[in-house]
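As a plain string of letters, each chain reads:
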Protein chains: 2
Amino acid sequence: MGILLYDLAAADDAIRPSPFCWRTKFALAHKGLSYETIPVRFTEKQKLPAGHSKVPVIDDGGKIIGDSWDIAAYLEETYADRPSLFGGAGGMAHARFINTWADQLFVNTGARHIILDIWAAQLPADADYFRTTREKFFGATFEALQGERESAIGAWREQLLPLRLTLRRQKFLGGEAPSYADYIVFGPLQWARIFSSFDLLAANDPLNAWRERMMGLFDGLAGTAKLVGR
Amino acid sequence: MGILLYDLAAADDAIRPSPFCWRTKFALAHKGLSYETIPVRFTEKQKLPAGHSKVPVIDDGGKIIGDSWDIAAYLEETYADRPSLFGGAGGMAHARFINTWADQLFVNTGARHIILDIWAAQLPADADYFRTTREKFFGATFEALQGERESAIGAWREQLLPLRLTLRRQKFLGGEAPSYADYIVFGPLQWARIFSSFDLLAANDPLNAWRERMMGLFDGLAGTAKLVGR
């Protein structure tokens, strides 16, 4: 049996948006490992293996691992003979910083700009759960958060500058080839792309070229994903 | 002959503040390479080897390399048998992102908070050069920039969150031991510490523990540095 991935689903089972699950899907593809996904909605946590309450979780022949970072570390160690996700111990240590930076900027802050779109793509029970938990986190209504988008997006995009400057010097965050660092940053962009027709990147952002490269990887793993309403 | 490092000096020759030169000093120490420094002030660029206009520059037995990143890459390749600065190819690629992030946050933005203190520690000709070039860069007077410090420092410090979260999980950005990524981030903090009694870190910032560890490395290389007015 291949690896099982518990993957977040929206109202439509074919919509698989989670930024963290995308990181894991790319990590599995990078290692050349086949997998099947099990759709899990916000309010279907009982479907997850015991002791787990968040996606992604993988089941690798009975070995259960949760958390996208821990899954990447597990895959790197367990499948050490396959292409490296981190490019060595230093690569893994430094990727930890990129992971916390990206979570902060994209997931915790970037989500504001598309939060109503995310909410609207859920089944009613999931939509209620999502609104209650996230409005508490942000301390504002979804309408207020997304309503500030046009005035807030400029300052948000400025924070992408370190990415732009890095990708001006190298093709991927991983260097000449993609590494887990690329999947870390791409995951949330894919999440936004799936949920919203509003693009977090400006049309003239040089990061578009990198995102296009990412969408083409592994036979269009991300590029062929189903998008909400499209 | 050992390696020569052209190192920025303030009015007092013993004050060696450059964040980029600190990165290089740590890289040399990490590799266990001895070096001598040649003090160069802003207006003494004629002292630098031909074709170079910025510190750091090293002269390794006639091999001349400028730019802190390029120097680190040169040392890593040339002294490959000595302790690795990056921990592998992935570590180097990912450190490039940390380098651009840190330059943006600390050097381009963080400098605002201590810019008058930097200016005040220069010889008159250097002070004039520094004010003219940097006020043009920032589009504001030094007095205005440092004057906003009390109101601006809170939001600036929030941007250190990815560092805090990373260092909650590992002892150094490099993992169990320091890597060039640690020197990248520490360099600007050392620069600020040398010039100003105003601390970029809040007294209760958990990053203080990491900074203390950094100051103790290599027999107190940074911890024993001379500070302006102290």
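Computed from a predicted model, the values in this text were never measured in an experiment. Position labels on residues start from 1 in each chain and follow its written sequence. Ligands are numbered from 1 and chains lettered from A, in the order in which they are written. In keeping with the predicted nature of the model, local features appear solely for residues at pLDDT of at least 70, side-chain atom pairs appear and are counted solely at 80 or more, and the whole-chain, interface and lining totals rest on all residues. Water and hydrogen atoms were dropped before computing side-chain values, which therefore reflect all heavy atoms in the structure.

## A closer look at the relation of the copies chain B and chain A
Copy-to-copy alignment: least squares on C-alpha atoms, limited to residues at pLDDT 70 or above in both. With an RMSD of 0.0 Å, the fit of chain B onto chain A corresponds to turning through 180° and sliding 0.0 Å along the axis. Overall, the copies show the geometry of a two-fold rotation axis. When C-alpha distances to the rotation axis are compared across chain B, the minimum falls at B:G91, with a value of 1.7 Å. With an isologous cut-off of 70% or more, the 100% of interface residues of chain B that recur at the interface of chain A puts this contact in the isologous class. Note on contacts: a residue pair is in contact if any heavy atoms of the two residues lie within 4.5 Å.

## Remarks on the sheet that holds strand 1 (residues 3–8) of chain A
Residues and elements named next belong to chain A. Only when DSSP finds a minimum of two bridges between them are two strands counted as paired. We count a stretch as a helix when DSSP gives it H or I for four or more residues in a row; a strand needs E for two or more, and each element gets its number in order from the N terminus. The 4 strands are arranged 2-1-3-4 in an open sheet whose pairing can be described as mixed. Every interior strand has two partners, whereas the edge strands, strand 2 (35–40) and strand 4 (63–66), have only one. Sheet twist, expressed as the average angle between the axes of neighbouring strands with direction ignored, equals 20°. With 4 bridges connecting them, strand 3 (residues 57–60) and strand 4 associate as antiparallel partners. Across the sheet, the residue bridging to D59 is I64, located in strand 4. Orientation is described by lines fitted to C-alpha atoms, with helices fitted over the stretch in contact, and by angles between N-to-C directions that extend from 0 to 180 degrees. Sheet strands touched by helix 1 (residues 19–30): strand 1, strand 2 and strand 3. Its angle to strand 1, the strand with the most contacts, is close to 155°. This element, helix 2 (residues 68–78), spans strand 3 and strand 4 of the sheet and lies at about 135° to strand 4.

## Remarks on the interface of chain B and chain A
Interface size, as often reported, equals the accessible area lost upon joining of the parts. Between chain B and chain A, the contact holds 28 residues from the first and 28 residues from the second. Interface area, chain B with chain A, both sides summed: about 2,300 Å², of which 62% is carbon and sulfur. Buried area counts how much accessible surface, traced with a 1.4 Å probe, disappears from two parts once they are put together, with both parts' losses summed. Contact with chain A buries surface across chain B, with B:H94, B:R96 and B:F97 losing the most and accounting together for 32% of the total. When a carboxyl oxygen of Asp or Glu is within 4 Å of a side-chain nitrogen of Lys or Arg, the pair counts as a salt bridge. At the boundary of chain B and chain A, one finds 0 salt bridges.

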